[in-house]
Amino acid sequence: MQYALLIAGDREPTPEELAMGCGGWSEEMAARGVVRGGAGLRPPTESTTVRVRDGEVLLTDGPFADTKEQIGGLVLIECADLDEAVEIAARHPAAGYGMIEIRPLITS
Amino acid sequence: MSAGPADAVAAAFRTEWGKVVATLIRVTGDWDLAEECAQEAFAAAVRQWPVEGVPRKPGAWLTTIARHRATDRIRREVVGAAKLREVAVTAHEPDPVDTAGIEDDRLRLIFTCCHPALAFEAQVALALRTLAGLSMAEIARAFLVPETTMARRVGRAKAKIRNAGIPYRVPPAHLLPERTTAVLGVLYLMFNEGYSTPERRPLCDEAIRLARLLTQLMPDEPEAGGLLALMLLHDSRRHARFDEHGDVVLLADQDRSRWDTTQIAEGRAVLERVMRLDRLGPYQLQAAIADSHATGSDWPLIARLYARLAIVVPSPVVRLNHAAAVAMAEGPAAGLALLDGMDIPGYHLLPATRADFLRRLGRHAEATVAYEQALGLATAEADRRFLTARLTETRGRAMQPTVIERGEQPYVGIRRTITMQTFPEIADRMAGIVGWLAERGLAPAGAPFFRYLVIDMANELVVEAGFPVAAPVEGDGEVFFGVLPAGRYASVTHHGHPSELMGVTKQLNEWADAQGLRWDAEQTPAGDKFVCRLEIYKTDPRVQPDMSQWDTELAFKLAD
C-alpha cells in the first residue's frame with residue numbers, strides 16, 4: 001500500500017522543534033526502505049492559489065483552505081498496511097506537536 | 001416433535017453466519033462478495049436441506065457452498081475485469097472440510113470491525129452485520145436512523161477497509177493489549193447504547209452474544225470474561241429498572257423477584273473463572289461490584305472495589321461512584337467529603353449525588369439548590385421526572401425550619417447603621433465587596449448574606465453585608481475580616497421573592513417558640529442584639545434574574 005503522510009500543525013514549530021527537524025526519522029525510514037518521496041513546505045503566507053474560470057487565470061494570495069491547520073510537509077511512503085503506516089507516522093516528531101493525516105494513494 | 005430442516009437452517013444462521021462470512025472475507029478479501037456468497041449458501045440450505053436432509057456438519061457444508069459461489073463469481077468477473085488477486089488467493093486455499101482456523105477467522109473479523117481507524121457507529125454496524133448477521137434494517141432500527149443512512153455508513157466503512165489497507169488479522173503481540181481494549185470498549189459502548197434506551201435493547205443482546213464469542217475465542221483474556229459477566233449482571237435487572245410509567249427505579253427499590261436469575265448465575269460463573277486467572281482489570285472489578293449488588297449489596301466491599309477501580313481508571317465518574325458507595329457504607333457525611341472539589345462539567349449525576357447526600361443529612365435547603373443544578377443538566381425524560389419529584393419533596397422539607405450545626409465561617413463584610421428606609425445604603429455595597437475581593441485575586445467562597453447585629457425596627461438597625469471567604473484576609477478601609485460563630489442554628493429556606501421574608505421570619509419565630517428554642521440574643525435599650533442572625537442569598541442573580549424564583553435561607557444562632 002502507498003500512502004501520503006500530510007504533516008500539519010496549527011502553529012509554527014518552536015525553534016527547538018525546528019532545530020530537531022525530523023529527529024532522525026527521515027534517515028531511519030529511508031534505511032527501512034519505506035520512503036518514496038516528499039518535501040517540506042515554506043509557510044502558507046508565501047503560497048499562491050490558482051484557479052482558471054472561463055479561460056481566465058485567477059490568483060489569490062495564500063492557501064486555498066483558510067483553516068488553522070496548515071500543511072507543512074508531505075512524505076510518500078509504501079508499507080504493508082494501515083497499521084504499519086500509523087506506526088511510521090506516530091514516530092515522526094511532528095506528530096508530537098502537530099498532527100499527521102494518512103491518505104491512501106490512488107493506485108492503478 | 002423433532003426440529004425440522006427449517007429450524008436447522010435458523011439455528012445454523014445464528015451459530016454459523018459469522019464463521020462463513022469471516023472465512024469468505026479471508027479467502028476473497030472482498031467484504032461485499034463474502035456477505036453475498038454467505039447469503040446464497042443459506043438460501044441453498046433452505047432449498048436443499050428439506051430434500052437432502054440436514055448435513056452432519058452444517059457449518060462446513062455452508063462454507064463449502066459459499067466458497068464455490070465465490071470462485072464462480074470471481075471467474076465470471078475475470079472475463080470483464082481483473083480480479084486475479086482474489087482468484088490466486090482462492091486457488092491456493094486448502095478445501096475447508098476441516099473447521100480448524102475458522103475461529104481465528106472470526107477473531108480476525110472482530111478485530112478488523114473494531115479497528116480504531118473506523119468511526120464507532122461504523123465499527124458496531126459492521127460487527128452486527130458481518131458477525132451477528134443482523135439485516136441493515138435491524139441495524140438501522142437499533143441506531144434509530146433511516147436504513148439508507150446506515151447502508152451508506154457501512155458502505156463507507158467497507159470501502160475504507162479496502163482502500164486504506166486496514167489489515168484483516170488479529171493484531172501482532174505488541175498491538176494486541178491496546179487493540180483488545182478497543183474491541184472490549186466497542187462491545188461495552190454497544191451494550192450501553194441499548195441499556196440506556198429501551199427501544200434499542202437488541203443492541204444489549206448482540207453485545208452479550210459477541211462478548212460470549214470473544215470469551216470463547218480468547219479464554220485467557222480475563223477482561224473479555226469480565227466484560228461478559230458485567231453485561232450479563234447488569235442486563236439481568238432489565239425488567240426491574242423501570243416502572244410501568246417508564247420511570248427509573250433505583251437499585252434499592254427494585255423488585256428482586258423480577259431479576260433474571262439464569263443470567264446472574266451465568267455472569268457469576270464467568271466472573272469466577274476469569275478472576276482465577278489473577279489479572280484484575282476494570283471490567284472484572286465492575287462485574288464484581290454488579291455481582292455484589294445481585295446478592296444484596298455489601299457496601300463496604302463495593303466501596304473497596306470502587307477504590308481499586310479508581311486506581312486503574314482515574315476518572316471522576318468512578319470517584320463519584322466511590323463516594324456513593326462510601327456514603328452507603330459509612331454514611332452520607334463521609335460520601336459528601338469525597339465530593340469536595342470534584343467537577344464533571346455537564347454531568348447531572350454529580351449534583352444529583354451531592355443533593356442526595358445533603359437530603360439524607362437533613363440539609364434540605366442545600367439539597368434543593370443541588371437538585372436544581374442537576375435538573376438543569378439532565379436530559380433523559382425519566383431522569384428529569386425523578387429529579388423533579390425529589391426537588392419538590394426536598395423543597396417542601398426545606399420550607400420546614402430545622403436545627404442545623406454550622407461550622408465557623410470566615411468572611412469579609414461592610415457594616416452600616418441604617419433604618420428600614422435607608423436599607424439600600426448597605427444592600428448596594430454587595431458589589432463593592434466582590435470588587436474588593438477581586439482586586440486581591442480572591443473570589444467569594446459561598447453565597448452572600450446580611451448579618452443583623454442590632455434590630456430596632458422603629459428606629460435603627462446595625463447590619464453587615466458579607467461574603468464567605470476560604471481563608472483569613474487582611475481587612476482594609478471599610479471592608480473588614482470576621483468569622484461567623486460555629487454552633488446550632490435554626491434554619492429555614494424561603495423559595496420566592498425576598499420581599500416575603502418578613503412573613504417567613506415571623507413563622508420562624510413562632511416555630512422556635514413552639515419548640516422551646518431561644519435565640520442567642522439579648523434585649524438592650526438600642527434594640528435586640530443578635531450574636532448571629534443571617535439572611536443568606538443562595539440564588540445567583542446572573543443565573544436567575546427572576547427574584548420570585550430565589551432561594552433565601554434564614555439562619556439564626558440558638559442559645560446554647
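Remember, it's a predicted structure, so these values are computed and weren't measured experimentally.

## Focus: the overall build of chain B
Point 1. Along its length, chain B carries 22 helices and 10 strands.
Point 2. The proportion of buried residues among the 560 residues of chain B is 37%.
Point 3. Counted over contacts in chain B with a minimum sequence separation of 6, partners at least 24 positions apart contribute 63%.

## What about the overall build of chain A?
Point 1. Helix and strand counts for chain A come out as three helices and six strands.
Point 2. Starting at the N terminus and ending at the C terminus, chain A contains elements arranged as β-α-α-β-β-β-β-α-β.
Point 3. By residue count, 15% of the 108 residues in chain A fall in the buried class.
Point 4. Taking contacts inside chain A between residues at least 6 apart in sequence as the whole, the part at least 24 apart equals 76%.

## Topic: the interface of chain B and chain A
Point 1. Of the residues lining the interface, seven residues belong to chain B; the matching set on chain A comes to five residues.
Point 2. Residue classes in the side of chain B that touches chain A are distributed as five nonpolar, two polar and no charged.

## Remarks on the nonpolar core
Residues and elements named next belong to chain B.
Point 1. In this structure, Leu24, Leu187, Ala207 and Ala211 are the most contacted members of the largest nonpolar core, which totals 119 residues.
Point 2. Of all the elements, helix H1 (residues 5-28) adds the most residues to this core, at nine residues.
Point 3. Setting aside residues up to four positions removed in sequence, Leu187 forms contacts with Ala207, Leu210, Ala211 and Leu227.
Point 4. By size, the runner-up hydrophobic cluster in this structure holds 27 residues, among which are Tyr411, Met430, Phe450 and Ala555.

## Some words on the pairing of strand S4 (residues 56-61) of chain A
Residues and elements named next belong to chain A.
Point 1. Counting buried positions over the six residues of S4 gives zero, only a small fraction of the element.
Point 2. Judged from the six bridges that link them, strand S3 (residues 48-53) and S4 form a sheet pairing that is antiparallel. Bridge pairing in S4 places Val50 opposite Leu59.
Point 3. With antiparallel pairing between neighbouring strands as the criterion, S3 and S4 make up a hairpin whose turn holds two residues, including Asp54 at a positive phi of roughly 50°.

## A closer look at the sheet that holds strand S1 (residues 2-9) of chain A
Residues and elements named next belong to chain A.
Point 1. Sheet architecture is open: four strands sit in the order S2-S5-S1-S6, paired in antiparallel fashion. Across the chains shown, the open sheet's two edge strands, defined by having one partner strand only, are strand S2 (35-40) and strand S6 (99-104). If you compare each strand with its neighbour and ignore which way they point, the axes differ by 20° on average.
Point 2. As paired strands, S1 and S6 are joined by six bridges and run antiparallel to one another. Residue pairing across strands places Ala8 opposite Met99, the latter belonging to S6.

## Considerations on the packing of helix H9 (residues 176-196) of chain B against helix H10 (residues 202-217) of chain B
All names here are of chain B.
Point 1. Between H9 and H10, whose axes approach to 7 Å, the crossing angle comes to 155°. The angle between the axes of H9 and H10 places the two elements in the roughly antiparallel class. You can see that H9 and H10 cross each other, and the crossing is left-handed. Between H9 and H10, the residues in contact are Val183, Leu187, Met190, Phe191, Glu193, Gly194 and Tyr195 and Pro202, Leu203, Cys204, Glu206, Ala207, Leu210, Ala211 and Leu214, respectively.

## Comments concerning the confidence of the model for chain B
Point 1. This prediction gives chain B a mean pLDDT of 88; 95% of its residues lie at or above 70.
Point 2. Under the prediction, the complex receives an ipTM of 0.86, its pTM being 0.64.

## A few points about helix H17 (residues 349-360) of chain B
Residues and elements named next belong to chain B.
Point 1. Spanning 12 residues, H17 covers 16 Å between terminal C-alpha atoms, matching the ideal 16 Å at 1.5 Å per step.
Point 2. Taking burial as the measure, the 12 residues of H17 include 10 buried ones, the bulk of the element.
Point 3. Among all positions in H17, only Leu350, Pro351, Ala352, Thr353, Arg354, Ala355, Asp356, Phe357, Leu358 and Arg359 are buried.
Point 4. Structurally, H17 contributes buried residues whose contacts are with helix H15 (316-330), helix H16 (332-339), helix H18 (364-377) and helix H19 (381-399).
Point 5. Looking one or two residues past H17, Gly362 carries a phi angle of roughly 80°, positive in sign.

## A few points about the environment of B:Phe480
Point 1. Take B:Phe480: it is sitting in strand S5 (residues 480-484).
Point 2. Linking B:Phe480 and B:Ile433, residues 47 residues apart in sequence, is a C-alpha distance of 10.0 Å.

## Considering unusual backbone geometry
In terms of backbone geometry, most residues other than glycine have negative phi values and most peptide bonds are trans.
Residues and elements named next belong to chain B.
Point 1. Even without being glycine, Leu144 reaches a positive phi, approximately 55°.
Point 2. Take Leu144: there are 10 C-beta atoms within 10 Å of it, and that puts it in the exposed class.
Point 3. Unlike most non-glycine residues, Ser297 shows phi in positive territory, near 55°.
Point 4. Along the polypeptide, Ser297 turns up in the loop between helix H13 (282-294) and helix H14 (299-312).
Point 5. The class of Ser297 is partly exposed, set by 15 C-beta atoms lying within 10 Å.

Cut-offs and rules
Residues numbered from 1 in each chain as written. Chains lettered and ligands numbered in written order. Predicted model: local features only at pLDDT ≥ 70, side-chain atom pairs only at ≥ 80, totals over all residues. Helix = DSSP H or I, 4+ residues; strand = E, 2+ residues; numbered from the N terminus. Buried ≥ 20, exposed ≤ 12 C-beta atoms within 10 Å, placed from the backbone. Contact = placed C-beta atoms within 7 Å. Nonpolar A, V, L, I, M, F, W, Y, C, P; charged D, E, K, R; others polar. Core = buried A, V, L, I, M, F, W, Y, C linked by C-beta atoms within 7 Å. Pairing = 2+ DSSP bridges. Axes fitted to C-alpha atoms, helices over the stretch in contact; angles between N-to-C directions. Parallel < 35°, antiparallel > 145°, perpendicular 65-115°, else oblique. Left-handed = near helix turned anticlockwise from the far one by under 90°. pLDDT = per-residue confidence, 0-100. Expected span 1.5 Å × (residues − 1).

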